[in-house]
Amino acid sequence: MDFDLTDEQRLIKETARNFTDNEIVEQAKQNARNHHFDLELVKKLAQQGYLGAIVPQQYGGAGLDYLSYGLVVEEIGRGCSSVRTVVSVQTSLVCSAILKWGTEEQKHKYLPKLCSGEWLGCFGLTEPDTGSDAVKQRTRATKTDSGWVINGAKMWISMGNYAKVALIFAQTDPSLGHKGLGCFMVDTDQPGFQTQVIEHKMGLHASDTASISLEDVEVADEDLLGTIGDGFKVAMSSLDSGRYSVAAGCVGICQGCVEESVKYAKEREQFGRPIASFQLVQAMIADMVVKTDAARMLVWRAGFLKDQGRPNTTETSIAKLYATEAAVECANTAIQVHGGAGYVDDHPVERYFRDVRVTTLYEGTSQIQKLIIGRSVTGINALVPA
Ligand code: CAA
């Protein structure tokens, strides 16, 4: 077993760290304050190759392995979770779906534009009444002579207001359950496709979140991803990539909490000495360090399995569950180390605390991750009545 990164992976991490410090950290506070979805920054992410990091170069991507992608996402997550969400959705949820399920024509049509940032994509699975029970899609796709007509609504869709292409999951025949689901690549300029900004979020203020309504939206046959019946698997396999990306971003939050807390605790003096010299402060920092290391190792393992092409759904859920919960705890602890200073946005820990909270909810709650892990080790599906 080798815990060392290769020289190339170290360089990729260092480059992402510098990019984050120079381009993301500087903007993060103001963008959050102004609730500004920063399209200029999105362009820079694309120029760096971060919007299609795992997409092979022949389709315009950076052709990175998953472990390297995780290193990039960790660094961006340390800088700003709103920016990290752009990378995760575009790369993991949208590009990975097209890469895995698309025809050659579809890959050539969509991936270069997504990787270059010319188009943004969004992932329309969640609905007002459909969250954890993702099979229960109420959005309907009805066959026509030339393609499909879609009617329905989607909710909590990251980048929904800016996306040019939306992966819309829809039911074609409710009697078939998940085998009736399709994934449609919808041009968001189509008549009947409307979005609305979801406001007043606790965190991720610099990230775009939309509700979407679809009224008689037309989709051509060639914009069906996979076949009818594949829709649920398209969603789940994309979430295997998305959950990995969220987990990696959360390692970044943990790392940021450690770095900010160490810096602050060495500067801040009380009782005539830096608070870093107090055992109880060191204990808080040590707790964060342990959680950061453990989360990172779980993310690396999931990335390693993905790179080997081996099954990794359970290991990805373990990484997602642990890293997101660890990041919530680290953000809370980091504020404790900062005291009152951590309660305003002068220090990034205030933003970490607000931004991290959603990570145990989106892309599958912690409870869903536990059910996936529980099913894997017991062989019993807790969601099916005995
Ligand atoms: N990859 C490929 N196929 C998979 C799979 C995977 N990881 N997981 C399951 N499948 C397949 C199964 O093999 C099965 O196929 P067969 O019928 O051919 O055997 C089929 O899918 C159905 O699987 P399950 O029986 O496991 O389905 P389930 O109804 O029990 O659901 C679940 C499982 C884990 C609860 C799932 O519904 C789930 O993950 N729910 C959470 C949804 C979620 O994460 N939503 C997040 C929305 S995205 C988001 O947040 C985006 C954003 O913009 C931020």
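Residues numbered from 1 in each chain as written. Predicted model: local features only at pLDDT ≥ 70, side-chain atom pairs only at ≥ 80, totals over all residues. Heavy atoms only, no water.

### Description of the pattern of salt bridges
The line we're drawing: The salt bridge criterion pairs a side-chain nitrogen of Lys or Arg with a carboxyl oxygen of Asp or Glu, the two atoms within 4 Å. Helix and strand labels come from DSSP, where a helix needs a run of H or I of at least four residues and a strand needs a run of E of at least two; each type is numbered from the N terminus. Exposure categories follow from relative accessible area, calculated using a 1.4 Å probe and restricted to protein chains: below 20% of the type maximum is buried, above 50% is exposed, and the middle band is partly exposed.
What the rule picks out here adds up to 23 salt bridges. Between arginine 33 and aspartate 345 there is a salt bridge, with its nearest N and O atoms 2.7 Å apart. Residue arginine 33 is found in helix α1 (residues 7-34), and its partner aspartate 345 is found in the loop between α8 (313-338) and α9 (348-356); the two are separated by 312 residues along the sequence. The class of arginine 33 is partly exposed, set by a relative accessible area of 44%. Exposure remark for aspartate 345: the relative accessible area of 21% places this residue in the partly exposed category. When salt bridges that share partners are traced, they join Lys13, Arg17, Asp21, Glu74, Glu75, Arg78, Glu259, Asp293 and Arg296 into one network.

### Section: unusual backbone geometry
For residues other than glycine, phi is negative in most cases, and the peptide bonds are mostly trans. With phi around 60 degrees, tryptophan 156 is a residue other than glycine that occupies positive phi space. Along the chain, tryptophan 156 falls in strand β3 (residues 147-158). Judged by relative accessible area, which is 52%, tryptophan 156 ranks as exposed. Within the chain, phenylalanine 271 stands out as a residue other than glycine whose phi angle is a positive 55 degrees.

### Overview of the site of the ligand
For clarity, the threshold we go by: Any residue with a heavy atom positioned within 4 Å of a molecule or strand is treated as near that molecule or strand. Each polar contact in these results corresponds to two N or O atoms within 3.5 Å; when the atoms are within protein, one needs to be able to donate a hydrogen and the other to accept it, and residues that are neighboring in sequence are counted only if both atoms are side-chain atoms. The accessible surface values rely on the Shrake-Rupley method and a 1.4 Å probe; as for residues, cover is taken only from the protein chains in view. Under this grouping Gly is polar, as are all residues other than the nonpolar Ala, Val, Leu, Ile, Met, Phe, Trp, Tyr, Cys and Pro and the charged Asp, Glu, Lys and Arg.
Around the ligand, 27 residues are found, and the nearest of them are Ser132, His178, Lys233, Arg243 and Arg375. Between the ligand and histidine 178 there is a distance of 2.8 Å, counted from an oxygen atom to a side-chain nitrogen or oxygen. Relative to its unbound accessible area of 1100 Å², the ligand is 76% covered by the protein chains. Of all the secondary-structure elements, those providing two or more residues to the shell around the ligand are β3, α6 (231-267) and α10 (366-378). Examining the composition of the shell around the ligand, we find that seven residues originate from one element, α6, more than from any other. Residue classes in the shell around the ligand are distributed as 12 nonpolar, nine polar and six charged.

### Describing helix α2 (residues 39-47)
To be explicit about the condition: As used here, the arc belongs to the directions running from the helix axis to the C-beta atoms. The criterion used for residue contact is that any of the two residues' heavy atoms lie within 4.5 Å.
For α2, the set of buried residues is Leu41, Val42, Leu45 and Ala46. End-on, the buried residues of α2 take up no more than an arc of 150 degrees, which puts them together on one face. For α2, the elements touching its buried residues are α1, α3 (66-79), α4 (81-101) and α5 (104-115). A side-chain oxygen of the first residue of α2 lies 3.2 Å from the backbone nitrogen of glutamate 40; this N-cap is aspartate 38.

### A closer look at the packing of aromatic side chains
Any aromatic ring pair is given by two values, namely how distant the centres are and how the planes are angled relative to each other. Rules: Two aromatic rings, drawn from Phe, Tyr or Trp (for Trp, its six-membered ring), form a pair once their centres lie within 6.5 Å of each other, and the interplanar angle then sorts them: stacked below 30 degrees, edge-to-face above 60, tilted otherwise.
Under the counting rule described, the total for this entry stands at nine aromatic pairs. Between tyrosine 66 and tyrosine 244 the ring centres are 5.4 Å apart and the planes differ by 75 degrees, which places this aromatic pair in the edge-to-face class. With tyrosine 66 in helix α3 and tyrosine 244 in helix α6, this pair connects stretches of sequence that are 178 residues apart. What makes tyrosine 66 buried here is its relative accessible area of 15%. For tyrosine 244, a relative accessible area of 1% corresponds to the buried category.

### Examining the domain arrangement of the chain
The accessible area lost on association of the parts is a frequent measure of interface size. Our working rule: Each domain's extent is set by a domain assignment, obtained either automatically or from a database. As used here, buried area is the combined drop in accessible area, with a 1.4 Å probe, of two parts when they are placed together.
Domain parsing of the chain yields domain 1 (7-120), domain 2 (122-229) and domain 3 (233-378). For domain 1 versus domain 2, the separation of C-alpha centres amounts to 23 Å. With 24 residues of domain 1 at the contact, the number on the domain 2 side is 20 residues. Together, Phe37, Ser82 and Leu120 form the three largest contributors to the area buried by domain 1 at its contact with domain 2, with a combined 28%. Counting across the interface, domain 1 meets domain 2 through one salt bridge. Between aspartate 223 and lysine 109 there is a salt bridge, with the nearest N and O atoms lying 3.3 Å from each other.

### Digging into the pairing of strand β5 (residues 181-187)
Using the following cut-off: When DSSP finds at least two bridges between two strands, those strands are taken to pair.
Burial analysis of β5 places six of its seven residues in the buried class, which makes it a mostly covered element. Looking at chain direction, strand β4 (residues 165-171) and β5 are connected through seven bridges and run antiparallel. The residue bridging phenylalanine 169 from the neighbouring strand is cysteine 183, located in β5. The pairing of β5 with strand β8 (residues 224-225) spans two bridges and is classified as antiparallel.

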